[in-house]
Amino acid sequence: MKDITKKYTNGEVTIVWKPNECIHSAICFKGLGDVFDPKKRPWITPEESSTERIIEQIKKCPSGALSYYLNRDESDGKIALEAETIVETSLNGPLLVYGMLP
Ligand code: SF4
């Protein structure tokens, strides 16, 4: 059987669904029908709820067909820093460093 993975995001969290692992328990759409609705296409619409609520519901999936990741994790937690970094030297003194340093 072909391994199929589908992804749906609200910009903050990405829902990962593996249809071959779904056992059709209906727990997702009984628990959070705004996001999981098998009558709609696409059947998963994460923009209809909060990230916290979606994660709470995904954790109840009994088969592991549903999983998620936070989009900020995908970028390896790196945050774009736009601020300038300035290093000042002083005679026999410390280096003074200004800016946004991770
Ligand atoms: S909760 Fe999981 S196993 Fe149940 S219908 Fe939804 S995706 Fe399928």
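Scroll up a little and you will see the structure.
Please read these numbers as outputs of a predicted model, since none were measured by experiment.

Within the protein, the regular secondary structure consists of three helices and five strands. Mapped from its N terminus to its C terminus, the protein presents α and β elements in the order β-β-α-α-β-α-β-β. When the 102 residues of the protein are sorted by exposure, 25% land in the buried category. Once local pairs closer than 6 in sequence are excluded, the contacts in the protein between residues at least 24 apart make up 44%. About 7,500 Å² of surface is accessible on the protein, with carbon and sulfur atoms providing 53% of the total.

On to the site of the ligand. Every residue near the ligand is listed here: Trp17, Cys22, Ile23, His24, Ser25, Ala26, Ile27, Cys28, Cys61, Pro62, Ser63 and Leu66. Per-class residue counts for the shell around the ligand are nine nonpolar, three polar and no charged.

Our focus in this paragraph is the packing of aromatic side chains. Taken as a whole and assessed by the stated rule, the structure comprises two aromatic pairs. Judged by centre distance (4.9 Å) and plane angle (70 degrees), the ring pair of tryptophan 17 and tryptophan 43 falls under edge-to-face. Residue tryptophan 17 is located in strand β2 (residues 13–17), and its partner tryptophan 43 is located in the loop between α1 (27–31) and α2 (51–58); the two are separated by 26 residues in the primary sequence. Tryptophan 43 matches tryptophan 17 in its accessibility class, with the two residues each being buried. Geometrically, the ring pair formed by phenylalanine 36 and tryptophan 43 is tilted, given 5.9 Å between the ring centres and 50 degrees between the ring planes. Residue classification places tryptophan 43 among the buried residues on the basis of a relative accessible area of 12%. Put simply, the rings of Trp17, Phe36 and Trp43 touch in pairs and so form one group of aromatic residues.

The omega torsion of the bond from arginine 41 to proline 42 falls at -5 degrees, within 30 degrees of zero and hence cis. Relative to the assigned elements, proline 42 resides in the loop between α1 and α2. Backbone geometry at alanine 26 places phi at a positive 75 degrees, although glycine is not the residue there.

How each quantity is defined
- Residues numbered from 1 in each chain as written.
- Predicted model: local features only at pLDDT ≥ 70, side-chain atom pairs only at ≥ 80, totals over all residues.
- Heavy atoms only, no water.
- Helix = DSSP H or I, 4+ residues; strand = E, 2+ residues; numbered from the N terminus.
- Buried < 20%, exposed > 50% of the residue type's maximum accessible area, 1.4 Å probe, protein only.
- Contact = heavy atoms within 4.5 Å.
- Areas by Shrake-Rupley, 256 points an atom, 1.4 Å probe, with all protein chains shown as cover.
- Near = heavy atom within 4 Å.
- Nonpolar A, V, L, I, M, F, W, Y, C, P; charged D, E, K, R; others polar.
- Phe/Tyr/Trp six-rings, centres within 6.5 Å; stacked < 30°, edge-to-face > 60°.

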